[in-house]
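Observations on the three-dimensional arrangement
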Amino acid sequence: MNQHPDGPILSAYLDEELDASETTRVRQHEALCSRCREELTSLRGVKDLLAAAQRRTMPEGLAARLESMIHRRSVWEIVLARLSMPRVWVPVGTLAAAAAALLFWLGPSFGPDPDAIPLETLLAAHARYEAESLVPSGDLLHVPFSAHVAKTDEED
Amino acid sequence: MEDADFQELFRRHGDRLYNFAFRLSGNDQDAADLVQEAFTRAFKNLDRYDRARPFETWMFRILYNIHLDEVRRYEKKHVVSLDAPVTAEETGQWADLLAGGDPDPMEESLRRENDVRVQKALNTLSADYRAAVMMCDVEEMSYEEIARVMDCPVGTVRSRIHQGRTLLRDAFKEKEGVRTK
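In short, a report on the structure.

What follows is about the interface of chain A and chain B. Across the boundary between the two partners, chain A contributes 38 residues, which contact 46 residues of chain B. Counting the surface lost from both chain A and chain B, the interface buries some 3,900 Å², and carbon and sulfur atoms represent 59% of this. The three residues of chain A that bury the most area against chain B are Leu49, Leu50 and Arg56 of chain A, which together make up 18% of that side's buried surface. At the boundary of chain A with chain B, the tally comes to six salt bridges. Across the pair Arg56 of chain A and Asp115 of chain B runs a salt bridge whose closest N-O atoms are separated by 2.9 Å.

Structure follows, in structure tokens:
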């Protein structure tokens, strides 16, 4: 290599970023060229200076804040992940379906039937009327109504 | 990626990322903001992280892009002259900055002082040069990795690193009255 290598080539040589053939060429040139040797020395000086600069470490407060952020997200993610799991939703869905079926099946017997006759109230009234002889005595529920009618006719 | 993995990666690379952020921004407050924003964005976009690639390169890229956005926003509002000379108090003597083997008891103090000068010299570089030189010389990343972070060809990385070093050298030498090439 008779010509001086370009600056970026020298920097790349310094950083061992050239391929084998380029490295050999620059090395041979360096051995013969004092100007390029000087250039390399001064560039190496800058590189060494930067490498020797004090390294900063993350302040504790910042590290704690970031750890806390990661932790908060972790908890939230765990909850969301669990909720999205089939092993949670399959049994929940099955239970919900079973409960719905049960309600459907038991539905008619739940709550007051709007068509139901208030039997107890009627019987109480009947007992009162019977005591006052306003109605025929006897078991109204089990004796056919026709029997009561026949009995009443005979009495008349 | 599980959050526990992320936490482990955060612990492993947090300091390195912070150091990079500090050198890019030049002060602790901005570095802390940069790192926090970078981790927050990374955390929100974990599903976009390509596990085949190094986590660190991904994080450096996020942080670098945030920094570039901030620089562009700032430059829209302010006129910044990159040619503005650095004062002698800021950079000191070029020879003083080179590490020596002298076990002087004041070595630590000088090292801190030199560190400040290095930072002030770095601050005179544009964001691209500064980031390229920092990733190469401080973080010891390969040109390939730097190219991935900066989203540019390796040839561009090579130019930026060389140009950055040349500008730094000139900034230091200028204080000694040495004519630079």
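The discussion continues.
Checked against the element boundaries, Arg158 of chain B lands in helix H9 (residues 154-174). Between the C-alpha atom of Arg158 of chain B and that of Glu144 of chain B, which follows or precedes it by 14 residues, the distance is 9.9 Å. When residues no more than four places from it in sequence are discounted, the contact partners of Arg158 of chain B are Pro8, Ile9, Ala12, Glu17, Leu18 and Glu22 of chain A together with Tyr143 of chain B.

Let's shift gears to the pattern of salt bridges. Summed over all chains, the structure comprises 16 salt bridges over all chains. A salt bridge links Glu139 of chain B to Arg55 of chain A; the nearest nitrogen and oxygen atoms lie 3.1 Å apart. Remark: Arg55 of chain A occurs in the loop between helix H3 (34-52) and helix H4 (60-83) and Glu139 of chain B occurs in the loop between helix H7 (127-138) and helix H8 (143-150); the pair is interchain, linking two chains. Given the relative accessible area of 4%, Glu139 of chain B is considered buried. Since its relative accessible area comes to 40%, Arg55 of chain A is described here as partly exposed. Across the salt bridge formed by Arg41 of chain B and Glu37 of chain B, the nearest N and O atoms sit 2.9 Å from each other.

Another aspect to go through is the packing of H7 of chain B against H8 of chain B. Residues and elements named next belong to chain B. In contact at an axis separation of 10 Å, H7 and H8 are set at 145° when each is read in the N-to-C sense. For the pair H7 and H8, the crossing hand works out as right-handed. Each of Asp128, Ala131, Ala132, Met135 and Cys136 in H7 lies in contact with H8, whose residues at this interface are Tyr143, Ile146, Val149 and Met150.

Attention shifts here to the packing of aromatic side chains. Residues and elements named next belong to chain B. Tallying each qualifying case throughout the model produces four aromatic pairs over all chains. Seen from their ring centres, Tyr49 and Phe55 are 5.7 Å apart, and the 90° between their planes marks the pair as edge-to-face. Given a relative accessible area of 5%, Phe55 falls into the buried group. An aromatic cluster of three or more residues is present, and its members are Tyr49, Phe55 and Trp58.

We now examine the state of the cysteines. Residues and elements named next belong to chain A. Scanning all chains against the criterion turns up zero disulfides over all chains. Free cysteine Cys33: the closest other cysteine sulfur is in Cys36, separated by 3.7 Å. We classify Cys33 as buried; its relative accessible area is 8%.

The rules behind each value
- Residues numbered from 1 in each chain as written.
- Chains lettered and ligands numbered in written order.
- Predicted model: local features only at pLDDT ≥ 70, side-chain atom pairs only at ≥ 80, totals over all residues.
- Heavy atoms only, no water.
- Contact = heavy atoms within 4.5 Å.
- Buried area = accessible area lost by both parts, 1.4 Å probe.
- Salt bridge = Lys/Arg side-chain N within 4 Å of Asp/Glu carboxyl O.
- Helix = DSSP H or I, 4+ residues; strand = E, 2+ residues; numbered from the N terminus.
- Buried < 20%, exposed > 50% of the residue type's maximum accessible area, 1.4 Å probe, protein only.
- Axes fitted to C-alpha atoms, helices over the stretch in contact; angles between N-to-C directions.
- Left-handed = near helix turned anticlockwise from the far one by under 90°.
- Phe/Tyr/Trp six-rings, centres within 6.5 Å; stacked < 30°, edge-to-face > 60°.
- Disulfide = S-S within 2.5 Å.

Everything listed here is a matter of coordinates, which is why it stays silent on function.
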